[in-house]
Amino acid sequence: ADRELVLEAVRQNFEALAHAADLLKADSLLSPDAVAVNPFAVQGSKSLVCTVLELSAVEGRFRFRVALGLGGKELEGDLPHSTTLGDLGRHIRASALDQERCFYLVLPGSETPVSALDVEQPLVDLV
């Protein structure tokens, strides 16, 4: 039972969850509501890559700077200390990506994007 495969299937059609294994049906990250707000692409999908160039904790908040694709456009800002990867991704999507539904997010020091299943990971764990 591949969680990312089910996540993408539910993204395509919310009724797909009914055909998943019982263990996956109970997974809160795979519920239609959770999938609808998950900004991250699953491995193998054709999506924009956003690269976090800077991420730091400053005065109880997180400062970030993100490169949006390869076009040279950047987004920077700050978010509360309680921010998760998913919160950061939703902020990027709402602020700068217009019609892009899902995207890859690459963190500083990494060559691979975060998993769409890591949306609940606190940023404090990464800084």
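Undergrad: What is the right way to look at the overall build of the chain in this model?
TA: Tallying secondary structure elements over the chain gives 4 helices and 4 strands in all. For the chain, the α and β elements follow one another from N to C terminus as α-α-α-β-β-β-α-β. For 127 residues, the compact-globule estimate of 2.2 N^0.38 gives 14 Å, and the C-alpha radius of gyration of the chain, at 15 Å, lies within 12% of that figure. With 127 residues in all, the chain has 39% of them scored as buried. Sequence separation of at least 24 residues holds for 52% of the intrachain contacts in the chain that already meet a minimum separation of 6. A total accessible area of about 7,300 Å² is found for the chain, and carbon and sulfur atoms account for 50% of it. Taken as two groups, the 11 positive and 19 negative side-chain charges of the chain have centres that lie 4 Å from each other.

Undergrad: Looking at this structure, how should I read the sheet that holds strand S4 (residues 103-106)?
TA: Across the sheet, 4 strands lie side by side as S3-S2-S1-S4; this open sheet has mixed pairing. Of all the strands in the sheet, the pair left with one neighbour each is strand S3 (74-80) and S4. Each strand of the sheet is rotated relative to its neighbour by a mean of 30°, with strand direction disregarded. With 7 bridges connecting them, strand S2 (residues 61-68) and S3 associate as antiparallel partners. Each residue of the ladder has a partner; that of Val66, found in S3, is Leu75. Each of strand S1 (48-58), S2, S3 and S4 is contacted by helix H4 (residues 85-96), which is oriented at about 125° to S4, the strand it contacts most.

Undergrad: What's the story with the environment of Ser45 in this structure? I'm lost.
TA: Along the chain, Ser45 falls in the loop between helix H3 (32-37) and S1. Separated by 2.8 Å, the side chain of Ser45 and the backbone oxygen of Val42 make a polar contact.

Undergrad: How should I be thinking about the packing of aromatic side chains in this particular structure?
TA: When we look at a pair of aromatic rings, we describe it by the centre distance and by the angle of the planes. Evaluation of the coordinates by the stated rule reveals 1 aromatic pair. For the ring pair Phe40 and Phe103, a centre distance of 5.7 Å and an interplane angle of 75° mean the geometry is edge-to-face. Residue Phe40 is found in the loop between H3 and S1, and its partner Phe103 is found in strand S4; the two are separated by 63 residues along the sequence. Side by side, Phe40 and Phe103 carry an identical accessibility label, which is buried.

What counts and how
Residues numbered from 1 in each chain as written. Predicted model: local features only at pLDDT ≥ 70, side-chain atom pairs only at ≥ 80, totals over all residues. Heavy atoms only, no water. Helix = DSSP H or I, 4+ residues; strand = E, 2+ residues; numbered from the N terminus. Rg over C-alpha atoms; globule rule 2.2 N^0.38 Å. Buried < 20%, exposed > 50% of the residue type's maximum accessible area, 1.4 Å probe, protein only. Contact = heavy atoms within 4.5 Å. Areas by Shrake-Rupley, 256 points an atom, 1.4 Å probe, with all protein chains shown as cover. Lys, Arg positive; Asp, Glu negative; His and termini not counted. Charge placed at Lys NZ, Arg CZ, Asp CG, Glu CD. Pairing = 2+ DSSP bridges. Axes fitted to C-alpha atoms, helices over the stretch in contact; angles between N-to-C directions. Polar contact = N/O pair within 3.5 Å; in protein donor to acceptor, adjacent residues only side chain to side chain. Phe/Tyr/Trp six-rings, centres within 6.5 Å; stacked < 30°, edge-to-face > 60°.

Shape descriptors only; they carry no functional weight alone.
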